[in-house]
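# An overview of the molecular structure
The chain contents come next:
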Amino acid sequence: MALADHLRELRNRVVKSVLAIVLFAIIAAIYHKQIEHFLLEPLPQCDKQNSGDYHGRCAQVSNIGLTAGFNWMLKVALTAGVVAAVPVWLYQVWAFVAPGLHRHEKKYAVIFMACGAPLFLTGVACAIWVMPTMVEMLISFTPSDTTPILPPEDYFDVATRMVLVFGLGFEFPLLLVMLNMVGIVTGKRLLSWWRGMVMGITVFTAFATPGADPISMLLLAMPIWALYFAAVAVALLNDRRKRRNNPDADLDDEEASHLDLTVQEVDGAESVSASAAPTASAAPVSSGRHEQMDDIT
């Protein structure tokens with residue numbers, strides 16, 4: 001395809017992805033009250049009867065400004081549309097890349113697309129599950145003589161950040177598996193990096209989670225640790241399969257394969273009878289010829 005055709009194809013894929021997001025966003029805007037209630041449920045609000053169960057602290061949720069409620073509704077609807085349309089825009093990415101891939105590369109891409117959306121949605125569900133613990137922990141640090149006032153937009157920004165961080169964090173082990181399948185890194189090397197990986201994941205979750213409490217950080221780090229070791233196990237099994245099919249699969253491109261130089265015993269000579277005896281009328285070898293070879297042979 002020419003460059004203009006590639007750009008036209010990219011435009012079509014982007015338009016389809018945007019239309020899917022807009023469609024799901026419109027549906028989310030229709031049911032925004034239910035979605036807002038679901039998002040605000042983790043907050044220990046002061047107007048609830050059980051709001052003071054966690055260290056006796058509660059929060060006052062309040063919209064500040066005339067257009068704050070409308071802006072809150074738009075953010076909720078748009079974010080819900082992006083999350084709900086994950087299978088659609090992931091498929092559009094796949095459809096744009098697939099024509100330029102070989103058959104074995106398409107197989108890996110299909111695995112990535114099939115596992116990417118469930119892992120991202122699992123991270124979103126984990127973020128929603130962790131959100132109440134993080135919010136209550138942060139509110140518990142409020143001075144006892146004050147009542148925190150939480151604008152819904154600020155809380156939603158924190159929740160959106162949590163959803164994206166958890167969703168992308170759950171994609172990291174899948175990326176490691178794909179790098180192993182295309183031969184960039186081996187499972188043994190991934191396993192040798194486990195100390196650095198555990199430390200790196202911990203540091204990432206410490207900076208990525210909005211709260212400074214260790215509980216939300218560990219609740220994000222532990223699933224990623226488990227997925228990392230699961231990715232290492234898959235990579236090791238894949239390397240074993242490659243070695244079974246090709247003993248030289250672990251060699252680098254510049255590394256020579258092993259040569260078997262063992263001297264093998266040669267069988268005894270076998271006599272072969274000629275099909276016909278040479279005739280006397282055969283042309284003699286010219287005197288100018290230097291090769292002493294049998295013409296009959």
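Report follows, based on the coordinates. (Residues numbered from 1 in each chain as written. Predicted model: local features only at pLDDT ≥ 70, side-chain atom pairs only at ≥ 80, totals over all residues. Heavy atoms only, no water.)

### As for the side chain of Gln-92
Operational definition: Strands are runs of DSSP state E lasting at least two residues, helices are runs of H or I lasting at least four, and both sets are numbered from the N terminus onward. Here a polar contact is taken to be a pair of N or O atoms separated by no more than 3.5 Å, where protein atoms must pair a possible hydrogen donor with a possible acceptor and residues adjacent in sequence count only if both atoms sit in side chains.
Mapped onto the elements of the fold, Gln-92 is located in helix H4 (residues 86–97). Within the local environment of Gln-92, its side chain forms a polar contact with the side chain of Arg-13, the two groups lying 3.1 Å apart.

### Topic: the pattern of salt bridges
Going by this rule: Every case where a carboxyl oxygen of Asp or Glu lies within 4 Å of a side-chain nitrogen of Lys or Arg is listed as a salt bridge. Exposure classes here rest on a 1.4 Å probe applied to the protein chains alone. A residue is buried below 20% of its type maximum, exposed above 50%, and partly exposed in between.
Inspection of the entire model under this criterion finds two salt bridges. With a shortest N-O distance of 2.7 Å, Arg-8 and Asp-5 are connected by a salt bridge. Residue Arg-8 and its partner Asp-5 are located together in helix H1 (residues 3–30), separated by three residues, close to a single helical turn. Of the residues examined, Asp-5 reaches a relative accessible area of 31% and is grouped as partly exposed. Note that Glu-9 and Arg-13 form a salt bridge whose closest N and O atoms lie 2.8 Å from each other. Of this pair, Glu-9 and Arg-13 both sit in helix H1, separated by four residues, roughly a single helical turn. For Glu-9, a relative accessible area of 24% corresponds to the partly exposed category. Residue class for Arg-13 comes out buried when judged on its relative accessible area of 18%.

### Re a positive patch on the surface
Counted only if it meets this: Here the term patch refers to residues with relative accessible area over 30% and no salt bridge, with like charges joined within 9 Å and nonpolar side chains (Val, Leu, Ile, Met, Phe, Trp, Tyr) within 5 Å. Using a 1.4 Å probe, accessible areas were evaluated by the Shrake-Rupley method; residue-level cover was limited to the displayed protein chains. In this tally Asp and Glu are treated as negative and Lys and Arg as positive; neither His nor the chain ends contributes. To locate a charge, the coordinates of NZ of Lys, CZ of Arg, CG of Asp or CD of Glu are taken.
A cluster of basic residues, Lys-107, Arg-240, Arg-241 and Arg-244, forms a positive patch at the surface. Of the residues forming the positive patch, the biggest block, three residues, is contributed by helix H10 (residues 214–245). Mapped onto the elements of the fold, Arg-244 is located in helix H10. For Arg-244, a relative accessible area of 61% puts it in the exposed group.

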